[in-house]
Amino acid sequence: MRILIVEDDPLLGDALAAGLRQVGHVVDCFGDGARADAALAAAAYDALVLDLGLPGGDGMVWLGRWRARGSTVPVLILTARDGVEQRVAGLDAGADDYLVKPITIDELAARLRAMLRRSSGRAQSVWQHGALEYDPATKAVRWKGGTVELTGRELALLEALLMYPQRVLSRTHLQEKLYDWSGAEPESNTLEVHIHHLRRKIDPSIVRTVRGVGYALGTGEGAT
Amino acid sequence: MSLQRRLLLYLLICAPLVWAAALLVSVDRARHQVNELFDTQMIRLAGQVQATLSSTQNGATSAKQAPAEGAAGSGDSDVGDLAVAVWDARGQWVTGDREGVRLPHRPGVAGFVNERLDGEDWRVYYQQSAAGEWSVAAGQKAYERDELVFDLTASQLTPWLLVLPLLLAAMAWAVRRALAPVRELTAELQGRDAHDLRPVPESHAPSELKPLLGAMNGLFTRIEDALARERRFTADAAHELRTPLAVLRAQWDVVRRAGSQAERAQAEARLALGLDNMDRLVTQMLALSRLESAVNAPMTADVHWPAIVEQAMGDCLSLAERRGIELACEWPQPGRHPLPMTGDEQLLTVMLRNLLDNAVRYAPPGTLVMVRFTEDRLEVENAGDPLAPDQLARMGERFHRPAGQQEGGSGLGVSIVQRIAALHGLSVSFGPREGGGGVRVVLRFAAARR
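Residues numbered from 1 in each chain as written. Chains lettered and ligands numbered in written order. Predicted model: local features only at pLDDT ≥ 70, side-chain atom pairs only at ≥ 80, totals over all residues.

1. Description of the overall build of chain B
Scanning chain B from terminus to terminus reveals 10 helices and 10 strands. Looking at chain B residue by residue over its 450 residues, the buried ones come to 23%. Within chain B, contacts between residues at least 6 apart in sequence are counted, and of these 61% link residues at least 24 apart. (Helix = DSSP H or I, 4+ residues; strand = E, 2+ residues; numbered from the N terminus. Buried ≥ 20, exposed ≤ 12 C-beta atoms within 10 Å, placed from the backbone. Contact = placed C-beta atoms within 7 Å.)

2. Observations concerning the overall build of chain A
When helices and strands are tallied, chain A shows 8 helices and 12 strands. Taking all 224 residues of chain A together, 42% fall into the buried category. Sequence-distant contacts, at least 24 apart, represent 58% of the contacts inside chain A between residues at least 6 apart.

3. So, helix 10 (residues 413-423) of chain B
All names here are of chain B. Across the 11 residues that make up helix 10, a large majority, 8, are buried. Where helix 10 is concerned, the buried positions are Gly413, Val414, Ser415, Ile416, Val417, Arg419, Ile420 and Ala421. Taken together, the buried residues of helix 10 touch helix 6 (261-292), helix 8 (345-361), strand 9 (426-431) and strand 10 (439-445). One or two steps after helix 10, the chain reaches Gly425, where phi turns positive at roughly 75°.

4. Examining unusual backbone geometry
All names here are of chain A. Between Lys101 and the following residue, Pro102, the backbone shows a cis peptide bond with an omega angle of -5°. With respect to the helices, strands and loops of the structure, Pro102 is situated in the loop between strand 5 (97-100) and helix 5 (105-119). Unlike most non-glycine residues, Lys139 shows phi in positive territory, near 60°. Position of Lys139 relative to the elements: it lies in the loop between strand 7 (132-135) and strand 8 (140-143). Even without being a glycine, Lys144 presents a positive backbone phi close to 50°.

5. A short note on the interface of chain A and chain B
Listed by partner, the interface residues are 19 residues for chain A and 20 residues for chain B. The set of elements that each furnish at least two residues to the side of chain A that touches chain B consists of helix 1 (10-22) and helix 5 of chain A. The element that contributes the greatest number of residues to the side of chain A that touches chain B is helix 1 of chain A, accounting for 9 residues.

6. Quick look at the pairing of strand 4 (residues 120-128) of chain B
Remember that side chains alternate between the two faces of the sheet whenever the strand is regular. Residues and elements named next belong to chain B. Both strand 3 (residues 111-117) and strand 4 contribute to a ladder of 7 bridges, which runs antiparallel. Considered in strand 4, the bridge of Glu115 is made with Trp122. Connecting strand 4 to the antiparallel partner strand 5 (residues 134-141) that follows it, the hairpin turn spans 5 residues, and Gly132 within it adopts a positive phi of roughly 90°. (Pairing = 2+ DSSP bridges.)

7. Thoughts on the sheet that holds strand 3 of chain B
Residue and element names in this part refer to chain B. Strand order in this open sheet of 5 strands is 2-1-5-4-3, and the pairing throughout is antiparallel. Sheet topology places strand 2 (93-96) and strand 3 at the edges, where each strand pairs with a single neighbour. Here the average twist between neighbouring strands, direction ignored, is 25°. Where strand 4 and strand 5 come together, 7 bridges link them in antiparallel fashion. Bridge assignment links Gln127 to a residue of strand 5, and that residue is Val136. Of the strands in this sheet, strand 1 (82-88), strand 3, strand 4 and strand 5 are in contact with helix 1 (residues 3-55), which crosses strand 5 at around 150°. (Axes fitted to C-alpha atoms, helices over the stretch in contact; angles between N-to-C directions.)

8. Focus on the sheet that holds strand 9 of chain B
Residue and element names in this part refer to chain B. The strand order across the open sheet formed by 5 strands is 6-7-8-10-9, and the pairing between neighbours is mixed. Two strands in the sheet have a free side with no partner beyond their single neighbour: strand 6 (326-330) and strand 9. Between one strand and the next, the sheet's axes are offset by a mean angle of 10°, whatever the strand orientation. Bridge count for strand 9 against strand 10 is 6 bridges, and the pairing is antiparallel. Bridged to Ser427 within strand 10 is Arg444. Here helix 7 (residues 305-323) sits on the sheet in contact with strand 6 and strand 7 (368-373), set at roughly 170° to strand 6. Along the sheet, helix 10 makes contact with strand 9 and strand 10, crossing strand 9 at roughly 145°.

9. Things to note about the confidence of the model for chain B
Residues and elements named next belong to chain B. Taken as a whole, chain B shows an average pLDDT of 81; of its residues, 90% reach a score of 70 or greater. This model gives residues 59-75 a pLDDT under 50, and the stretch forms 24 contacts once residues within four places in sequence are excluded. For this predicted complex, the interface confidence score (ipTM) comes to 0.71, while the overall pTM stands at 0.58. (pLDDT = per-residue confidence, 0-100.)

10. Some remarks on the nonpolar core
Within the largest apolar cluster, 69 residues are counted, with the highest numbers of intra-cluster contacts made by Ile3 and Leu76 of chain A. With 7 residues, the single largest contributor to this core is helix 1 of chain A. Sequence-distant contacts of Leu76 of chain A, that is, excluding residues within four places in its chain, are made with Ala47, Leu48, Val49, Leu50, Ala95, Asp96, Asp97, Leu99, Arg111, Leu112 and Met115 of chain A. Listed in part, the 35 residues of the second largest apolar core include Val369, Val371, Leu412 and Val441 of chain B. (Core = buried A, V, L, I, M, F, W, Y, C linked by C-beta atoms within 7 Å.)

11. A few points about the pairing of strand 5 of chain A
Residues and elements named next belong to chain A. Relative to strand 5, strand 4 (residues 75-79) runs parallel, the two being bridged by 4 bridges. If you follow Ile77 over to strand 5, its bridge partner there is Tyr98. Once you follow strand 4 into helix 4 (residues 84-92) and on to strand 5, the crossover reads as right-handed. (Right-handed = clockwise from strand over helix to strand, strands pointing away.)

12. Some points on the packing of helix 5 (residues 210-257) of chain B against helix 6 of chain B
All names here are of chain B. Packing of helix 5 against helix 6 brings their axes to within 8 Å, and their N-to-C directions diverge by 165°. Relative to helix 6, the element helix 5 lies roughly antiparallel. As helix 5 packs across helix 6, the resulting crossing turns out to be left-handed. Side by side, helix 5 and helix 6 meet where Phe233, Ala237, Glu240, Leu241, Pro244, Val247, Leu248, Gln251, Trp252, Val254 and Val255 of the first sit next to Arg264, Ala267, Glu268, Arg270, Leu271, Gly274, Leu275, Asn277, Met278, Leu281, Met285 and Ser289 of the second. When its residues are assigned to classes, the contact of helix 5 with helix 6 shows 15 nonpolar, 4 polar and 4 charged. (Parallel < 35°, antiparallel > 145°, perpendicular 65-115°, else oblique. Left-handed = near helix turned anticlockwise from the far one by under 90°. Nonpolar A, V, L, I, M, F, W, Y, C, P; charged D, E, K, R; others polar.)

13. Observations concerning the packing of helix 6 of chain B against helix 10 of chain B
Residue and element names in this part refer to chain B. Orientation of helix 6 relative to helix 10, taken along the N-to-C sense of each, is 25°, at an axis distance of 10 Å. Taken together, the axes of helix 6 and helix 10 lie roughly parallel to each other. Crossing angle aside, the handedness with which helix 6 passes helix 10 is left-handed. Each of Gln284, Ala287, Leu288 and Leu291 in helix 6 lies in contact with helix 10, whose residues at this interface are Gly413, Ser415, Ile416, Arg419 and Ile420. Here the contact of helix 6 with helix 10 is composed, by residue class, of 5 nonpolar, 3 polar and 1 charged.

14. Re the environment of Gln156 of chain B
Residues and elements named next belong to chain B. Structurally, Gln156 can be placed in helix 3 (residues 142-178). When the 15 C-beta atoms within 10 Å are taken as the criterion, Gln156 is described as partly exposed. Sequence separation between Gln156 and Val27 is 129 residues, and the spatial gap between their C-alpha atoms is 10.0 Å.

Given below as structure tokens:
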């Protein structure tokens, strides 16, 4: 999952980003609302972790702006403000979840998964697609009952595909899900390399190529 | 002792004293009256005897009894209490009481004489006839008169003594009634719980209680303010501790999960940084909360500024080195005492350290932070960006940290500086340096203890 963190305390932002990267997410972290706003417009994030006490405009104001603009990205507010009325105001402003500092990375990751599950309309915690099973909590992938070992990037790619099983996803969209802006620019063919690995490790039919558009999840039935 | 008892005791002591004084006056009055009455009687008795003797040259037998009986008619007094005697020109006793005392013959004496006869006090009236052929004396025992005075006084005193318990009871009732507002106040205060610091209504209180109530309400207000400050501080502190705690938690999670040695080392370094920040925040909080209660700190020692500057600069040296900031101090001309005052050197060191720390923390790398002493002020300045008006307005607001800061801070430093300065009677002002750039803090004597 690609996650955007908006947190003005640099130490906390770093820690959250590092922690979420460890559990397999692709993370960008910004210290103020304006830059987060720009990032949100530039890339497709799956979730947003938002601090409220931000320099140059409160997090709530930004959230209201994004929601007014029609953005549906799931937002988790992470703040030191623990009053009930503040929680209510946060949720009413369009947040999907509200956490009070301090929290563990595990809990944050679990909340993000739950948010994502809801936003993608799933009820089960294990995503099922034909013969493919994926547990975002444990990152375990099973194909026809057998465990498949995948690297972090491969998992992120699979997750991005599983998120919208019916849609054809562009190369840019998939690439955005794989790389944050901190690292070096990915090689132009690395996406193809990861897709090749997925096909080899799971099943050649797992990813369909739609020429000129991008990629889509296969039927999940496997070759017969 | 209760007010009620005290008042009753005063009454019990004062009433008899006043009564005793009144008694003395009335005894004196009574004695005067009695003397006047009896003296008149004795003058008339003597006159009567002489008149009788003059009319009957030899009527000794009839002259002696009549006046005596007249005098004896007053109450239970004895016939022996009165005596009459008559002498002729040669001083020969002519007639008088044969069984009573013998009044002494005093030729040439006229008027009242106090005599002592047979061991008792007598008052005797002597009268000489105009031709000198008779000398008459009429005497009365003084005891007779005293008895009458005593009777008169006693009859006056008895109702007073009988009335005393009634008076005390009435007084007790009156005192109880008068003290009712005090009891009501007690009940009202006893019924309150610890957080109820509403002012006690003064309008219906008696005027004697009003100053007390006013003082009490003033105290309530001050306690309430102090409590509110404490509560706000605790709430702010709890709130402010959340972020550094979140850093520690998250960074700790990262350390535990770290896959590679390098990743672990980096996370550990961050964790240490987080701990440093936390440490700083808690230290500052403690310092401030101690300062809040340091109203009675000893402020009498002479302040030796060079030692303070040395200590404070030493504490900021590592930060200054890390940020590439140079520290300098400017003293007044030799022989001039820099900012002479008395105070607590330890507190002043904390103050200067906070000022230096802020100046160093928010100065651009490679610049100079200057401490300048003159005879009446202390200045600390750096070359940072000048403070915006809204920042200036929020200076000293607890836990407030201006936006966009890379350096971690507690947001308490300025509060601490202001508190210590206030304790020493110094005024603090923030502004740009001469020429507009940078930030300069000026501490000036407002009412410092010289």
